[in-house]
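Chain and residue survey
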Amino acid sequence: AQNCAGLRCTAFDTCVYKHVDGGHAVTSLTPQARLAYVEAEGPLKRPFEDRLPTRQEQLAVLQNTPEFDVLVVGGGATGSGCALDAVTRNLKTALVERSDFSSGTSSRSTKLIHGGVRYLQKAIMNLDYEQYMMVKEALHERANLLEIAPHLSAPLPIMLPVYKWWQLPYYWAGIKMYDLVAGSHCLKSSYILSKSKALELFPMLKKDKLVGAIVYYDGQHNDSRMNLAIALAAARHGAAIANYTEVVRLLKKTDPDTGKERVSGARCRDVITGKSHTHSHAHTHTVALDAGIQTILKRVLSHVLATVQIPSPPTLQLSVSVGSSLLFSVRRGDVLAAWSGIRPLVTDPNSKDTQSICRNHVVSVSSSGLVTIAGGKWTTYRSMAEETIDAAIKEHKLTAGPSRTMGLLLEGGKDWTPTLYIRLVQDYGLENEVAQHLAATYGGRAFEVAKMAQVTGKRWPIVGKRLVSEFPYIESEVIYAIKEYACTAIDVIARRTRLGFLNVQAADEALPRIVEIMAKQLDWSEQKKTEELEAAKQFLYQEMGYRARSEQLTKTSEITLAPQEVARYKKRFYKFDKESKGFITTLDVQQVLEKLSIQIDENALHEILNEVDLNKNGQVELDEFLQLMSAVQRGQISDSRLAILMKTVEEGLDLRGPVSVDRSGGGV
């Protein structure tokens, strides 16, 4: 994030936390935290408490305001934090982001709010006081982040498997030191698990030589929603913020006292309505890139939520692969989504690799007065923003008080309670799962989303049409996303609902309806709708590790079934191919479904068969079906709708019971 102070923008004890304990959410707030909240929130004004300005209104403010005290370039976590810090010091503040808020690294993190166990180890081993203080600061900021957005964050137990006896006391001592450094901000004390208990919680762990495990606690958050909550909080307090607005060039003028050129403003352009152009500005510190790959795995692999992080060197195009040789076996079909994020690390010339680089940050001021912050980590965004605005105030002699963001609730934090979802169920007739999702995503603002929800036409739920049957996201969230400055379908699936990060195939299925809703709200043409749909599909394919179902099988896919399995699947196939033609069509499937009084939309049925139709001749041949079932058994594919449909229909023909075509474990 870059901050141009005094500029003209032309042309345009633990704090609050929640955890699951026997199914009940628990909230804790220390006296220190309550005092911090009162001090921060009390005297501040929120001119847009009841209604957020629209994006067009924000652009008008940017265009018509004669002068801003601070202009922040970049709408990631740090940039949004800078805007919130500045506006709450009564500085006239603007923020512009050339893409969407949190569209970069801030939405592609590990989703952890942590101090950094690895950095504490390095601090102790190398007697590095700077790294120690960085960890201590991060743990303090972790506690604050859990407090100011309790609906978006929670403590997370992390299990560390141990395979050598000598490592057990070594790791235990290190983790206990981590608890000790956290002090009163320790979320929950770490503890040791026996081998049997570790396997009970995580049955897919490799059992050979497993000694036991250590469990410690860090924070977890919805990173893109957290980033958005920071930006929206800034807007509520009066900052003019606009996504898809890029800085074309910085404006400079000569200082009459010193004769030096000073940054005086920035020329901006609306990317949505005009051609984009980027003008780079040189930084005085070098930034190194480090890539971290995250994957979302099926919940059946563990009784606890697991995150796999695989470091890899950065490239211009990052590909995602899953390694299975370290702790447990993972099949391609077990991966629901995968993404890679780039960490900006401030380099040290003596560092051997990115793991040796400290995750600290650097604030620099150029000779022209441009304030730049580089490096750092998600957890410490607030303190980084505070330091950056302090530097801007000092450099440009602005009149402002100290930072007031410690303890300041973010968007949705006010009025949130662990039982808020119950009111949503009672007052609006939402499904319990949907109500819990809305409360955890929007906090106290969930009622605004519920008010927009459409009537389902069913006895229950009364309102709340789902975008995809398996996930609690509802159609009214798309409308509300536009109020939160979503401009594209990608904004909705990746940074407002997070569906693209949870299950890429479900996101792909929801896209047509999302585009239809946005088109109605934003008055898109048919061409624009087609462009949005294609762009979103490319995003899922290129950036989220998605392969369309039709691409999961190829003509060269091997059939590795045993003879008895081939016989079993042939028998299943011929229940549809009554005439022994050697292939089935949608008509064959419809005739079988009619016997069970089941109706499936004809277009949906065409899509289901097309996923397996390798020859693209409108029919599924026996060999193609056997290739599919072989891939399912190998774990290459785990949610083929045709495999699931044919299996359940086969059972239904015998039992004459209801048949579901929802996703299951694979349809073997």
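Residues numbered from 1 in each chain as written. Predicted model: local features only at pLDDT ≥ 70, side-chain atom pairs only at ≥ 80, totals over all residues. Heavy atoms only, no water.

Some remarks on the overall build of the chain
Quick reminder of the rule: Each helix is a run of H or I in the DSSP string that is no shorter than four residues. Each strand is a run of E no shorter than two, and both are numbered from the N terminus. Three labels apply to residues, based on accessible area from a 1.4 Å probe with only protein chains included: buried if under 20% of the type maximum, exposed if over 50%, partly exposed otherwise in between.
Scanning the chain from N- to C-terminus turns up 23 helices and 19 strands. When burial is assessed residue by residue, the chain has 54% of its 668 residues classed as buried.

Thoughts on the pattern of salt bridges
To keep it simple, the criterion reads: Any carboxyl oxygen of Asp or Glu that lies within 4 Å of a side-chain nitrogen of Lys or Arg is treated as forming a salt bridge with it.
Across all of its chains, the model carries 35 salt bridges by this definition. Among the ionic pairs, glutamate 543 bridges to arginine 108, the shortest N-O distance being 2.6 Å. You can see glutamate 543 sitting in helix H17 (residues 526–543) and its partner arginine 108 sitting in the loop between strand S5 (93–96) and strand S6 (112–113), a full 435 residues away along the chain. By relative accessible area, which is 35% here, glutamate 543 ends up partly exposed. Measuring nitrogen to oxygen at the nearest pair gives 2.7 Å for the salt bridge that ties aspartate 223 to arginine 498. Of this pair, aspartate 223 sits in helix H8 (residues 223–236) while arginine 498 sits in the loop between helix H14 (489–496) and helix H15 (499–502), and the two are 275 residues apart along the sequence. Judged by relative accessible area, which is 0%, aspartate 223 ranks as buried. Via salt bridges that share partners, Arg46, Glu49, Arg236, Glu411, Arg445 and Glu448 belong to a single interconnected network.

Digging into the pairing of strand S16 (residues 361–365)
Convention followed: Between any two strands, pairing holds if DSSP finds at least two bridges.
Two elements, S16 and strand S17 (residues 371–375), share five bridges in a ladder whose sense is antiparallel. Looking at the pairing, valine 362 lines up with alanine 374 of S17. With antiparallel pairing between neighbouring strands as the criterion, S16 and S17 make up a hairpin whose turn holds five residues, including glycine 369 at a positive phi of roughly 95°.

Topic: the nonpolar core
Quick reminder of the rule: The term nonpolar core refers to a set of buried residues drawn from Ala, Val, Leu, Ile, Met, Phe, Trp, Tyr and Cys, joined through side-chain atoms within 4.5 Å. The contact criterion used throughout is that any non-hydrogen atoms of two residues lie within 4.5 Å.
Leu84, Met159, Ile241, Tyr381 and Leu410 are the most contacted members of the largest nonpolar core, which totals 50 residues. When residues of this core are traced back to their parent elements, those giving at least two are strand S4 (68–73), helix H3 (77–87), helix H5 (129–148), helix H7 (195–201), strand S9 (212–221), H8 and helix H9 (381–396). Looking at this core element by element, the count peaks at nine residues for H8. Contact partners of tyrosine 381, with chain neighbours within four places excluded, come to Ala77, Thr78, Gly81, Leu145, Ile148, Ile230 and Leu410.

A short note on empty space enclosed by the protein
Quick reminder of the rule: Both cavities and pockets are sets of points on a 1 Å grid over the protein atoms alone; in a cavity a 1.4 Å probe fits but cannot get out, in a pocket the set is open with protein on both sides within 12 Å along at least five of seven lines, and lining residues sit with an atom within 4 Å of a point. Grid points are joined across faces, edges and corners, and a volume is the space filled by probe spheres set on the points. Gly is put with the polar residues, along with every residue not named as nonpolar or charged; the nonpolar set is Ala, Val, Leu, Ile, Met, Phe, Trp, Tyr, Cys and Pro, and the charged set is Asp, Glu, Lys and Arg.
Taken as a whole, the largest cavity encloses approximately 80 Å³ of empty space. For the lining of the largest cavity, the secondary structure elements donating two or more residues are H8 and helix H11 (432–442). The dominant element in the lining of the largest cavity, judged by the number of residues it contributes, is H8, at four residues. Residue composition of the lining of the largest cavity, by class: six nonpolar, three polar and four charged.

Considering the packing of H5 against helix H6 (residues 167–182)
The following threshold applies: Note on geometry: axes are C-alpha line fits, over the in-contact stretch for helices, and angles between N-to-C directions span 0 to 180 degrees. Working definition: roughly parallel below 35 degrees, roughly antiparallel above 145 degrees, roughly perpendicular at 65 to 115 degrees, and oblique for all remaining angles. Handedness of a crossing follows from how the near helix is turned relative to the far one, being left-handed for an anticlockwise turn of less than a right angle and right-handed for a clockwise one.
Two elements in contact, H5 and H6, have axes separated by 9 Å at closest approach and are oriented at 65°. When the interaxial angle is binned, H5 and H6 end up roughly perpendicular. Every pair of crossing elements has a handedness; the one defined by H5 and H6 is right-handed. Contacts between H5 and H6 involve Tyr132, Val135, Lys136, Leu139 and Arg142 from the first element and Tyr178, Val181 and Ala182 from the second. For the contact of H5 with H6, the residue count by class is six nonpolar, no polar and two charged.

What about the packing of aromatic side chains?
The test is simple: Aromatic rings from Phe, Tyr and Trp, with only the six-membered ring used for Trp, were paired whenever their centres fell within 6.5 Å, and each pair was classed as stacked if the ring planes differed by under 30 degrees, edge-to-face if by over 60, and tilted otherwise.
According to the stated counting rule, one finds twelve aromatic pairs in the structure shown. Seen in terms of ring centroids, phenylalanine 101 and tyrosine 485 are 6.4 Å apart; in terms of plane orientation they differ by 65°. Their pairing is edge-to-face. Of the two residues, phenylalanine 101 sits in the loop between S5 and S6 while tyrosine 485 sits in the loop between helix H13 (476–483) and H14, which places them 384 residues apart along the sequence. What makes tyrosine 485 buried here is its relative accessible area of 3%. Pairing phenylalanine 573 with tyrosine 574 gives two aromatic rings, centres 5.8 Å apart and planes at 80°, and the pair type is edge-to-face.

A word on the side chain of serine 107
Secondary-structure assignment places serine 107 in the loop between S5 and S6. When sequence neighbours within four positions are dropped, the list of residues in contact with serine 107 reads Ser102, Asp223, Ser224, Arg495, Arg498 and Phe501.

Notes on the UniProt feature "domain: EF-hand" (unreviewed entry) in the chain
How we decide: UniProt positions are given in the numbering used here, feature names are shortened, and annotations may be inferred rather than shown by experiment.
In the numbering adopted here, UniProt assigns the feature "domain: EF-hand" (unreviewed entry) to residues 564–599 and 600–635. Note that residues 564–599 is 58% helix and 6% strand, and that its end C-alpha atoms are spaced 32 Å apart. What you have in residues 600–635 is 61% helix and 6% strand, and the ends, taken at the C-alpha atoms, are 27 Å apart.

Brief notes about H13
Of all eight residues in H13, six are buried, a share of seventy percent or more. Of all the positions in H13, only Ser476, Glu477, Val478, Tyr480, Ala481 and Ile482 are classed as buried. Positive backbone phi, at 75°, marks tyrosine 485, one or two positions downstream of H13.

Some words on the confidence of the model for the chain
For the record, the criterion: Note on scores: pLDDT gives the predictor's confidence for each residue, bounded by 0 and 100.
On average, residues of the chain score 81 in pLDDT, and 77% of them are at 70 or above. Highest mean pLDDT in the chain belongs to H13 (98); lowest belongs to strand S2 (residues 17–21) (32). Between residues 281–295, whose pLDDT stays under 50, and residues either more than four places distant or in other chains, the model counts 67 contacts. Here residues 298–326 is modelled with pLDDT under 50, and outside its nearest four sequence neighbours on either side it reaches 62 contacts, counting other chains as well.

Considering unusual backbone geometry
Omega for the bond connecting tryptophan 460 with proline 461 falls within 30 degrees of zero, at -5°, which places this linkage in the cis form. Take proline 461: it is sitting in the loop between helix H12 (446–452) and H13. Even without being glycine, lysine 209 reaches a positive phi, approximately 65°. The backbone of aspartate 523 sits at a positive phi, close to 60°, despite the residue not being glycine.

Quick look at the environment of leucine 251
Position of leucine 251 among the secondary structure elements: in strand S11 (residues 245–254). Residue leucine 251 is classed as buried on the basis of its relative accessible area of 19%. A sequence separation of eleven residues divides leucine 251 from arginine 262, and the C-alpha atoms of the two residues are 8.5 Å apart.

Observations concerning helix H22 (residues 622–634)
Turn by turn, an α-helix covers 3.6 residues, leaving residues three or four places apart pointing in a common direction. Stated precisely, the cut-off is as follows: Expected helix span is computed as 1.5 Å times (number of residues minus one).
Over its 13 residues, H22 extends 18 Å from the first C-alpha to the last, a length consistent with the 18 Å expected when each residue adds 1.5 Å. With ten of 13 residues buried, H22 lies mostly within the body of the structure. Among all positions of H22, only Leu622, Glu624, Phe625, Leu626, Gln627, Leu628, Met629, Ser630, Ala631 and Val632 are buried. Looking at the buried residues of H22, the elements they touch are helix H19 (563–574), strand S19 (620–621) and helix H23 (641–655).

Some thoughts on the packing of H14 against H17
Taken N-terminus to C-terminus, the directions of H14 and H17 make an angle of 35°; their axes are 8 Å apart at the nearest point. Mapping the contact onto sequence places Ala489, Ile490, Ile493 and Ala494 in H14 and Glu532, Ala535, Ala536, Phe539 and Leu540 in H17. Considering only residue class, the contact of H14 with H17 consists of eight nonpolar, no polar and one charged.

Brief notes about the side chain of serine 630
Position of serine 630 relative to the elements: it lies in helix H22. Its relative accessible area of 0% is what places serine 630 among the buried residues. Ignoring sequence-local partners within four residues, the contact set of serine 630 consists of Glu558, Ile559, Thr560 and Leu561.

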